[in-house]
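# Fold and geometry: a report
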Amino acid sequence: MIRDLLARAGLVLAAALAATLALAGPAAAHGADAPDGTDYRTEVTAVTPARAGLSVRVVEAGARLELTNTGDHAVEVVGYSGEPYLRVGPDGVYENVRSPATYLNRTIAGDTRLPAEADPAAPPDWRRVDDSSTVRWHDQRALWRESAPPSQVRAAPDREHRVRDWVVPLRAGAEPMEIRGTLDWVPPPDAYAWWVVATVGLLAVGALGLLPAGSAPGARALAGLGGLLVLGGVAAVAFTVGRELDAGARGVGGLLAGLLGGQVWALLTGLGAIAAGVYALARRPAADFALALAGACLALFAGVANAAVFARAVAPVPWPATAARILVAVVLVTGVGAAAAGALRLHAASRRHSPSPTPAPTASRP
């Protein structure tokens, strides 16, 4: 029975991995190339002159700017050659298919090949792309696109540096406007220290699986593992919600749409870990199997998938980066620890229930 449960767990993990790989392409295309973290902090400092209904903020850990215009008149974003690029107003969002920025800004690297019709000197050809009052886009003026850091960072990598002040021009009819902001380099954290803490924690949690399941300490260990897995599931859900909020989700409907469209596996594994933890707390049959399977999924889809925050100064959540690292560490500790402890308990149970070898018959003496 134990072997059958482990085989089923392997099939579930394999199916989840295959589904993740199958969905990775469309999800990445829909969410563009939002980073898992960065060492460059982009901030909007002002929109001048101020205009009623117009707001701009940074989303996706600084990878995009988001402009919302609920006013009565349209506002245009100006491209890199002074041409009209985006238009946002009461009738929706439009992009100028003649603007090179329309194509260059499709990726954070800005390496899209320009089509023949891209000509900043040509009259604008507007194409409606959304019926809302909000648009998000990569803007090279607010990003550091080189693979190597700036020279001042290379000279003193342990200090914070202002890379540049940036400006994105806007137009409201004939009135010029500007989005002003800053781009700073922030020293990354010591990833090694975070991995050490996570490793020590998961080993301590996994060691609970060594306590005999039929004993009083083993029963308390099962309850403790269940509670820890619930904690890890809550941390995974919190981090996943934070990623969607940082990506620009607004309202409950927008948040749910983002979660189900781009963060579904992390969300489901977090909720599954909570359910498995409650199941273990109730000491139900096959609780060890639930711990092992839910812990492995939690560690893989919500822990390892977000571990880049250990080495990045800016995390893709609307909270301090340290809080994001703590959440991911909790996910890894509880996920890997519960998976290891559940597997150890299953192994011990299989040994207890395996039939004893039949002793060989002894030859009778004449």
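Here the structure is shown first, and the text comes after it.
Cut-offs applied
Residues numbered from 1 in each chain as written. Predicted model: local features only at pLDDT ≥ 70, side-chain atom pairs only at ≥ 80, totals over all residues. Heavy atoms only, no water. Helix = DSSP H or I, 4+ residues; strand = E, 2+ residues; numbered from the N terminus. Buried < 20%, exposed > 50% of the residue type's maximum accessible area, 1.4 Å probe, protein only. Contact = heavy atoms within 4.5 Å. Areas by Shrake-Rupley, 256 points an atom, 1.4 Å probe, with all protein chains shown as cover. Expected span 1.5 Å × (residues − 1). Polar contact = N/O pair within 3.5 Å; in protein donor to acceptor, adjacent residues only side chain to side chain. Pairing = 2+ DSSP bridges. Axes fitted to C-alpha atoms, helices over the stretch in contact; angles between N-to-C directions.

Moving on to the overall build of the chain. Across its full length, the chain holds nine helices and 10 strands. Looking at the chain residue by residue over its 366 residues, the buried ones come to 44%. Of the contacts formed within the chain by residues at least 6 apart in sequence, a portion of 68% connects residues at least 24 apart. Here the chain displays about 18200 Å² of accessible surface, and carbon together with sulfur accounts for 62% of that area.

So, on to helix α5 (residues 216–246). Over its 31 residues, α5 runs 45 Å from end to end, which matches the ideal 45 Å to within 8%, given 1.5 Å per residue. Measuring from the side-chain oxygen of the N-cap residue of α5 to the backbone nitrogen of Gly218 gives 3.1 Å; that N-cap residue is Ser215.

Turning to the side chain of Glu95, a few remarks are in order. If you trace the backbone, Glu95 turns up in strand β6 (residues 92–96). Looking at Glu95, its side chain comes within polar contact range of the side chain of Arg127, at 2.3 Å. Other than its neighbours up to four places away in sequence, Glu95 contacts Tyr85, Leu86, Thr102, Arg106, Asp125, Trp126, Arg127 and Val129.

A negative phi angle is the norm for most residues apart from glycine, just as the trans form is the norm for most peptide bonds. Between Thr48 and the following residue, Pro49, the backbone shows a cis peptide bond with an omega angle of -15°. For Pro49, the location among the structural elements is in the loop between β1 (40–48) and β2 (54–59). A positive phi angle is found at Glu60, which is not glycine, with a value near 55°.

A few words now on the sheet that holds β6. Within a sheet, each strand pairs with its neighbour through backbone hydrogen bonds, oriented either parallel or antiparallel. Taken in spatial order, the seven strands make up an open sheet running β1-β10-β9-β4-β5-β6-β7, and their pairing is antiparallel. Every interior strand has two partners, whereas the edge strands, β1 and β7 (126–130), have only one. Looking at each pair of strands side by side, their axes are set apart by 25° on average, direction ignored. When strand β5 (residues 84–89) meets β6, the two strands line up antiparallel, connected through four bridges. Bridging from a neighbouring strand, Leu86 pairs with Glu95 of β6.

As paired elements, β2 and strand β3 (residues 64–69) share six bridges and run antiparallel to each other. Bridge pairing in β3 places Arg57 opposite Glu66. Between the antiparallel neighbours β2 and β3 lie four residues, among them Glu60 with a positive phi of about 55°.

Once that is clear, we can look at the environment of Trp126. Examined against the element boundaries, Trp126 turns out to sit in strand β7. With a relative accessible area of 22%, Trp126 lands in the partly exposed category. Distance in space between the C-alpha atoms of Trp126 and Val97 is 6.4 Å, their sequence separation being 29 residues. Leave out the neighbours within four places in its chain, and Trp126 touches Glu76, Pro84, Tyr85, Leu86, Arg87, Tyr94, Glu95 and Asn96.

Bear in mind that shape data such as this cannot, by itself, settle questions of function.
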